Amino acid sequence: MSTPSQKGQLSRDEVAHLAHLARLAVTDEELDLFAGQLAAVLDAVAQVGKAAVEDVTPTTHAVPMTNVVREDVARPSLPRDVVLAGAPAAEDGRFRVPRILGEEA
Amino acid sequence: MSAINSDVTSMNVDELQAALADGATSVDVTRAYLDRIEAADGELRAYLHVDPEAALARAAEIDAAGDKSGLAGVPVALKDVVVTEGVPTTSGSKILEGWKPPYDATVAARLKAAGTVLLGKTNMDEFAMGSSTENSAYGVTRNPWDPERIPGGSSGGSSAAVAGGLAPWAIGTDTGGSIRQPAALTGLVGHKPTYGSVSRFGLIAFSSSLDQAGPMARTVLDAALLHEAIGGHDPLDSTSIDAPLPVLVECARRGADGDLSGLRVGVVRELGGDGHADGYEDGVLESFRAGVARLESMGAEVREVSCPAFDLALAAYYLIAPSEASSNLARFDGVRYGLRVGDDGARDLDEVMALTREQGFGAEVKRRIILGTYALSSGYYEAYYGQAQKVRTLISRDFSAAFDDVDVLVSPTTPTVAFPLGARVDDPIAMYAADLCTLPASLAGVPAISVPSGLSEGLPVGFQIMAPALADDRCYRVAAALEAALTADRGDRGFLDQLAARQGSAS
C-alpha cells in the first residue's frame, strides 16, 4: 500500500481544473490560497493510506441498507406556484433556466 | 407578567412544563425568551431569524387550545439547517438567502405537532461545515461564557442560545461532532443519536451517511425529552431505522439515582490516553479523569480500551464528508431555488452556475467541494475515498470489539476548551482537530452524548459517553448519573448555575 500523496502535490492548475469540474468560478486569489491549504489537508488525509486494509470491505453506511419501496399510491405534490415562488426565475408556470445553447445553434 | 418572571429563562424544561401546568401561559413564557433575545442577542448573535409576532401568535394559539400536556407551549430553537415551512432557512449560506421552504422537515413537523413554539432559527457554519460557527455567511456567534471565544460549531447558534438563556433547548445536527462539540464548549448536554434513528427528511444535506439531528439542552433529562419528541421511524427517510426508539426519559430519571454498579466503562486510550495526549489541554484531561473517577465511585468498573483505528478517524472523515458534500451541494445550481448570478442572456448555463456558486458559497465550502471532487475523481478514488471507506470499517470493528467487553466507551468530548475567535480560521487542519474525539462515533453511526464534567480555566469541559448502535438509553443513563453526582458535589441546581452566578457578579 503506497501513500498516494506528497506534500504540495495539488498544484494551482489542478485546483483550477477541479474548481471548473465543480462549477466554481474561483478567483486568482482563491486559487493561490486554496492550493496551499488543500495541499496541507491532502497531506493529512493521505494518512488513510497507512491502514492495512487487505480483505476489508468498504463501509458506505453505518447501518445495514436495504432498498426501501413505498406503496404505489398517488399523493398530492407541492402546488406549482408554491414551488416556483422559491425559484430565482420563473416564466409561464415553469423554471426559467439560463441560456443552454450557443449562438450557432 | 403574572405567574412568571425573568427567572423563566433559567428554568429547565421539566420546570417550564410544571409552570405551564400550574397556570403560566405559553405567551408569558415565550415573551420572557423574546425579551431575553432582544436584550442579549445583539452581542451573542445566536439567531439568524426571529419573528416575535409569529412566536407570540403561536403561543396564544396553544394557550387558547388549553392543552397543558407534554411539550405544549414550550418554546424551541432550530438550527437553520432544518427546513421550516414559510420561515427563512439558509443553512448559514448566502446561496439560500431569502429562501422560504415550501415544507417542514420531519423534526420541525414533529415539534410543531407536539405544540412547541418556534422561537427562531439559529446560526451555524455554512452547510454545517466547521467547528466554530465562524464559517457562517452571516457573522460569528459568541460564547456566553466568554464573548471573545467561539461557541463551538457547527451548531454554535443553538449552543449559544441555550447556554445564554435565549432558548430553553434547541435542535442541532451532528455530522462529525457538531452537536457534541458546541454543547461541550458551552456547558450543555448534547446527544448525537444512532444514525438512522432521527429522520433526516428536510435537513439540508451535508454528508448523508453521517448527518443526524439531535437535542441540545440544559440537562440530560431535557435532552431525553427532546430526543423522544423528534425520534423514531419516518417513511420519508429511506435510511430511517424501522424500530421503536428506546425509552430515554425514564432512563435519564433512573440514571440520576446514581447507582452504576455492574456497568463496564471503557476509557479509550487513543482519545487522550497515554501516548495519545498531543493537542489535549491538561485542564481538559484532568476534568475527564475526575469524571471517570466519579463514575467509579458510583460502582462502575473502569478499564482502558484500545481502538487503534481511531487514530485514522480524522483522515477518513475529511475524505468521506467532503466527497459526499461535493455531490450533495451540486443541487445548488441557481435553477430551482436560491441565488442566481450573471444570467444576462449572454452567459450560458455553465457560466451562470459557476458564478452563482462562486458568489453563493464561502471559502470552507469551496475547499471541501474541491477536495471531495478530487477524492472522487478517476485515478484517485481508490487511494482516497475507497481507502477511507475501508478505514471506516476498521473503526466500526474497533467499536464492536470494545463493546464485547464494556457497556460504554468514554473520552473527553473535545481536546481543548473554547478557543478565541479567529484563532483557527486560516488553518483548516487546526480547525479540523477540534473534532478529534467526536469523529469515531460519527463514522460508526453509534450514539454519543456530551455532558459537562467541570471547568478548566473558567470554561466548560465536556465528557463524552459512546454506546452501541440503538443503545442511546445507555448514554442517557450514564450521563444522568454523572450529572447528578457532579451537581450534588457542587451543591447547585445545575451546571449553568455557574454561568448565571458569574453574570450576576459581573453586572
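Source: prediction; values computed, not measured.

Asker: Break down the overall build of chain A for me, citing the residues and quoting the values.
Answerer: Along chain A, the regular secondary structure elements total three helices and two strands. Start at the N end of chain A and walk to the C end: the helices and strands fall as α-α-α-β-β. A separation threshold of at least 6 residues defines the contact pool for chain A, and within that pool the share at least 24 residues apart is 58%.

Asker: Lay out the overall build of chain B in plain terms, naming residues and giving numbers.
Answerer: The helix and strand inventory of chain B stands at 17 helices and eleven strands. Expressed along its principal axes, the backbone C-alpha trace of chain B runs to roughly 70 × 55 × 45 Å. Burial analysis of chain B (507 residues in total) assigns 63% to the buried set.

Asker: Can you explain the pairing of strand β6 (residues 212–217) of chain B? Please cite residues and give values.
Answerer: All names here are of chain B. β6 sits mainly inside the fold: six of its six residues count as buried. Where strand β5 (residues 189–192) and β6 come together, two bridges link them in antiparallel fashion. The partner of Gly190 across the bridge, within β6, is Met216.

Asker: Describe in detail the confidence of the model for chain B, supporting the description with residues and values.
Answerer: Put simply, chain B has an average pLDDT of 96, and 98% of its residues get 70 or more. Scored as a whole, the predicted complex attains pTM 0.96, and scored at its interfaces, ipTM 0.91.

Asker: Please set out unusual backbone geometry residue by residue, giving values where relevant.
Answerer: Note: most residues except glycine have negative phi, and most peptide bonds are trans. Residues and elements named next belong to chain B. Of the consecutive residues Gly153 and Ser154, the connecting peptide bond is found in the cis state with omega at 5°. Assignment of secondary structure puts Ser154 in the loop between β3 (117–122) and α5 (156–163). Not every positive phi belongs to a glycine, and Phe127 is a case in point at roughly 50°. Look at Ala128: it is not a glycine, yet its phi comes out positive at around 70°.

Asker: With reference to specific residues and values, describe helix α4 (residues 106–113) of chain B.
Answerer: All names here are of chain B. When we look at burial in α4, the residues that qualify are Thr106, Val107, Ala108 and Leu111. In the core, the buried residues of α4 are packed alongside β2 (75–79), β4 (169–174), β6 and α7 (220–230). Taken from the residues just after α4, Gly115 is the one with a positive phi, measuring 90°.

Asker: Please set out the packing of helix α10 (residues 313–328) of chain B against helix α13 (residues 382–405) of chain B residue by residue, giving values where relevant.
Answerer: Residue and element names in this part refer to chain B. Following both chains from N to C, one finds α10 and α13 inclined at 125°, their axes separated by 9 Å at the closest point. Judged by the inter-axis angle, α10 sits oblique to α13. As α10 packs across α13, the resulting crossing turns out to be left-handed. In this structure, α10 uses Ala313, Ala316, Leu319, Ile320 and Ser323 to contact α13, whose residues at the interface are Tyr384, Tyr385, Ala388, Gln389, Val391, Arg392 and Ile395. Within the contact of α10 with α13, the residues separate by chemical class into nine nonpolar, two polar and one charged.

Asker: Before we move on, can you summarise the pairing of strand β8 (residues 301–305) of chain B with the specific residues and values?
Answerer: Residues and elements named next belong to chain B. Looking at chain direction, strand β7 (residues 264–268) and β8 are connected through five bridges and run parallel. Directly across from Arg264, in β8, lies its bridge partner Glu301. This β-α-β element, β7 to helix α9 (residues 282–297) to β8, shows right-handed connectivity.

Asker: Any chance you could break down the sheet that holds strand β1 (residues 47–50) of chain B for me, citing the residues and the numbers?
Answerer: Across a sheet, strands are paired by hydrogen bonds formed along the backbone, either parallel or antiparallel in direction. Residues and elements named next belong to chain B. Ordered in space as β1-β3-β2-β4-β6-β5-β10-β11-β9-β7-β8, the eleven strands form an open sheet in which the pairing is mixed. In this open sheet, the two strands that pair with only one neighbour each are β1 and β8. Within the sheet, the average angular offset between the axes of one strand and its neighbour, ignoring direction, is 30°. Inspection of the sheet shows β2 paired to β4 by two bridges, in the parallel sense. Note that in β4 the partner of Leu78 across the bridge is Ile171. Those strands touched by helix α16 (residues 472–490) are β5, β9 (408–412), β10 (448–456) and β11 (459–466), and its axis lies near 20° from that of β10.

Asker: Tell me about the nonpolar core, and please be specific about residues and values.
Answerer: For soluble globular proteins, the rule of thumb is that nonpolar side chains tend to be buried together. Residue and element names in this part refer to chain B. Ala316, Leu319, Ile465 and Ala479 are the most contacted members of the largest nonpolar core, which has 183 residues in total. Of all the elements, α10 adds the most residues to this core, at ten residues. Apart from residues lying up to four places away in sequence, Ile465 is in contact with Val408, Val410, Ala448, Ile449, Cys475, Val478 and Ala479.

Asker: So, the interface of chain A and chain B: which residues are in play, and what are the values?
Answerer: At the interface, 46 residues of chain A touch 61 residues of chain B. Elements that contribute at least two residues to the side of chain A that touches chain B include exactly α1 (12–21), α2 (28–45) and α3 (80–84) of chain A. It is α2 of chain A that provides the largest number of residues to the side of chain A that touches chain B, a total of eight residues. Taken together, the residues that form the side of chain A that touches chain B break down as 33 nonpolar, eight polar and five charged.

Asker: Give a detailed account of the packing of α1 of chain A against helix α12 (residues 363–375) of chain B, specifying residues and quantitative values.
Answerer: In the contact formed by α1 of chain A and α12 of chain B, the axes pass within 9 Å of each other and the chain directions differ by 95°. Between α1 of chain A and α12 of chain B, the angle is such that the two are roughly perpendicular. Contacts from Val15, Leu18, Ala19 and Leu21 of chain A of α1 of chain A reach α12 of chain B at Ile370, Thr373 and Tyr374 of chain B.

Asker: Outline the environment of Asp80 of chain B, supporting the account with residue identities and numerical values.
Answerer: Residues and elements named next belong to chain B. With respect to the element layout, Asp80 can be found in the loop between β2 and α4. Taking the C-alpha atoms as reference, Asp80 lies 6.2 Å from Thr90; in sequence the two are ten residues apart. Those residues within four positions of Asp80 in sequence are excluded, and the remaining contacts are Leu48, Thr89, Thr90, Ser91, Gly92, Lys121, Thr122, Asn123 and Met124.

Basis of the calculations
- Residues numbered from 1 in each chain as written.
- Chains lettered and ligands numbered in written order.
- Predicted model: local features only at pLDDT ≥ 70, side-chain atom pairs only at ≥ 80, totals over all residues.
- Helix = DSSP H or I, 4+ residues; strand = E, 2+ residues; numbered from the N terminus.
- Contact = placed C-beta atoms within 7 Å.
- Buried ≥ 20, exposed ≤ 12 C-beta atoms within 10 Å, placed from the backbone.
- Pairing = 2+ DSSP bridges.
- pLDDT = per-residue confidence, 0-100.
- Axes fitted to C-alpha atoms, helices over the stretch in contact; angles between N-to-C directions.
- Parallel < 35°, antiparallel > 145°, perpendicular 65-115°, else oblique.
- Left-handed = near helix turned anticlockwise from the far one by under 90°.
- Nonpolar A, V, L, I, M, F, W, Y, C, P; charged D, E, K, R; others polar.
- Right-handed = clockwise from strand over helix to strand, strands pointing away.
- Core = buried A, V, L, I, M, F, W, Y, C linked by C-beta atoms within 7 Å.

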